[in-house]
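Descriptive analysis of the structure
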Amino acid sequence: MSKNKSAAIFILILLIASLSAVAYISYFSSKKYDETKESKHIQNKEAMVHSTTHRALLSIRSIGGGGLPVINVSEYEGENDTVKIQAALNDVPEGGAIVFIPSGVWVAAGLQAKSHTFIVGAEGAIIRRPENVTEPFLTFANISDFAVLNLTFEGENIENAYGIEVIDSRNFTIQNNTFYNHTKSAIKVTLSLNGTSSNFTISNNLFLNCQNVPIFIFGIPSRRAIRNFCILNNTLINGTKNGKIGIAFSANGTIENNKIINCQYGIATRCVSNLTIRKNYVENITDYGIYLGTQVGDPGTDNVKIIENEIRRSRIGICRYYGSYPLVNIQVINNLFVNSSQYDILADFPGTFINNTITDASKLKIENLATLFIGTRTVSGQIILPGDINYDLKINIIDVALVAISFGSSKGNPNWNEAADIIQDGEINIKDISYLAKNFGITS
Ligand SMILES: [Ca+2]
Ligand SMILES: [Ca+2]
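Bear in mind the structure is a predicted one, so any value in this text is a computation, not a measurement.

Another aspect to go through is the overall build of the protein. Across its full length, the protein carries 6 helices and 35 strands. Taking the contacts inside the protein whose residues are at least 6 apart along the sequence as the reference set, 61% of them involve residues at least 24 apart.

Quick look at the packing of helix H5 (residues 397–405) against helix H6 (residues 430–439) now. Look at H5 against H6: their axes get within 10 Å of each other, and the N-to-C directions meet at 175 degrees. Classified by the angle their axes make, H5 and H6 are roughly antiparallel. On the side of H5, the interface is formed by Asp-399, Val-400 and Val-403, while H6 contributes Asp-432, Ile-433 and Leu-436. Here the residues of the contact of H5 with H6 are counted per class, giving 4 nonpolar, no polar and 2 charged.

The next subject is the pairing of strand E2 (residues 97–101). For E2, a buried count of 5 out of 5 residues is recorded, marking the element as mostly surrounded by other parts of the structure. Residues Ala-97, Val-99 and Ile-101 point to one face of E2 and Ile-98 and Phe-100 to the other, with burial holding for every one of them. One ladder, built from 3 bridges, connects strand E1 (residues 70–72) with E2; its direction is parallel. Residue pairing across strands places Val-70 opposite Ile-98, the latter belonging to E2. In this structure, E2 lies alongside strand E5 (residues 117–121), joined through 5 bridges in parallel fashion. For Ala-97, the partnering residue across the bridge sits in E5 and is Thr-117.

As a further point, take H6. Among the residues of H6, those classed as buried are Asp-432, Tyr-435, Leu-436 and Asn-439. On an axial view of H6, the arc spanned by its buried residues comes to 95 degrees, and they lie on one face. Those residues of H6 that are buried lie in contact with strand E33 (372–374) and H5. Gly-441 occupies a position one or two residues after H6 and carries a positive phi of about 95 degrees.

Here we come to the environment of Ser-103. As for its position among the elements, Ser-103 is in the loop between E2 and strand E3 (104–107). Put simply, Ser-103 and Leu-151 are 48 residues apart on the chain and 9.4 Å apart in space, counted from C-alpha to C-alpha.

Next up on the list: the environment of Pro-69. You can see Pro-69 is positioned in the loop between helix H3 (51–62) and E1. For the pair Pro-69 and Ile-98, spaced 29 residues apart in sequence, the C-alpha to C-alpha distance is 6.1 Å.

What counts, and where the lines are drawn
- Residues numbered from 1 in each chain as written.
- Chains lettered and ligands numbered in written order.
- Predicted model: local features only at pLDDT ≥ 70, side-chain atom pairs only at ≥ 80, totals over all residues.
- Helix = DSSP H or I, 4+ residues; strand = E, 2+ residues; numbered from the N terminus.
- Contact = placed C-beta atoms within 7 Å.
- Axes fitted to C-alpha atoms, helices over the stretch in contact; angles between N-to-C directions.
- Parallel < 35°, antiparallel > 145°, perpendicular 65-115°, else oblique.
- Nonpolar A, V, L, I, M, F, W, Y, C, P; charged D, E, K, R; others polar.
- Buried ≥ 20, exposed ≤ 12 C-beta atoms within 10 Å, placed from the backbone.
- Pairing = 2+ DSSP bridges.
- Arc of directions from axis to C-beta.

In structure tokens form, the structure reads like this:
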């Protein structure tokens, strides 16, 4: 190709690119709600061309807010930042708007938004909690179609203050935000008595030094009225006082690819249905990596898949922890539980444990008869088959005979056999025999 021809093509590409940019900007301009008196507040070509804003707008387009007018908070007057931001939020028309928060520190809380509000921060946009104000930064109540993107929320460690509270709302995204120093849930999704909350994504947020369940999905016992949600790619660090992702009385959710480090717990569930907990990384946890509690007033938990998670250095990698209501169809597959100080797996609930890796045999404790273990290995590759008393990798009549020989003994007795105490309660009794009966014929 000749140099001239290449140059001509290059210029042509440039021309097409600039025409597209003009078309894009005029598309936004034409969508601005010039027809209203408040249109003076709604401009910002400067902001539009600002690269971070552009990125934010692209992400808004991906979640359904594309083509909306932009309301710039800096255009609003008021005695303080709360008043200014609230005035901007109040200006969102029925058709919706992007509420743009420029760089800098905004001292504000107690803000409320309407449906179709997409709140977007420029890079370096910080919302800081005012002294002695305990209302949430933002409340979304009984609305739909909204987002909070690219903001930093500084909680200032003020007691009893939630970050973002969502009540009875649908179709929303909370993404790319940072939360510092919150004493109560940084993000709480909840319900009124007969309400529902559904269809939402909480993703790519960072929680630093946030306590008391930084991500909290909290429904109402015996109802599954918080539904259809994804909690993805979030990072929680230094939540030493009840820091965790907590999901209660909810259904149809995915908790995937989150990192939880230096917290009290990892992922906590209580009375949930159809939950997938997948590919999360949980490290240095003072209590439980993953737990499955149940509570009075609710039938329990069903259909939970716990897959491909990595839990390092917790006290207990996985357990029920509390409650005695049914746990039905709990599958624990392909996880790595390693270097827990007490147990990697405390099987105090009926679960199907398939192809998991643990530190060593001493880190597995079975308390529930209705468990199934297939393909459990140690990090060094040793196979662990609970109930295989003679280590021939089969559970058969020989194992039954070995348990029978020690039947009735307890720790310290002459015919005590540690290996025969499958349900590890210090006694070889009917529970150990029952476990063998349930698992008879399994090979590894
Ligand atoms: Ca055997
Ligand atoms: Ca026993």
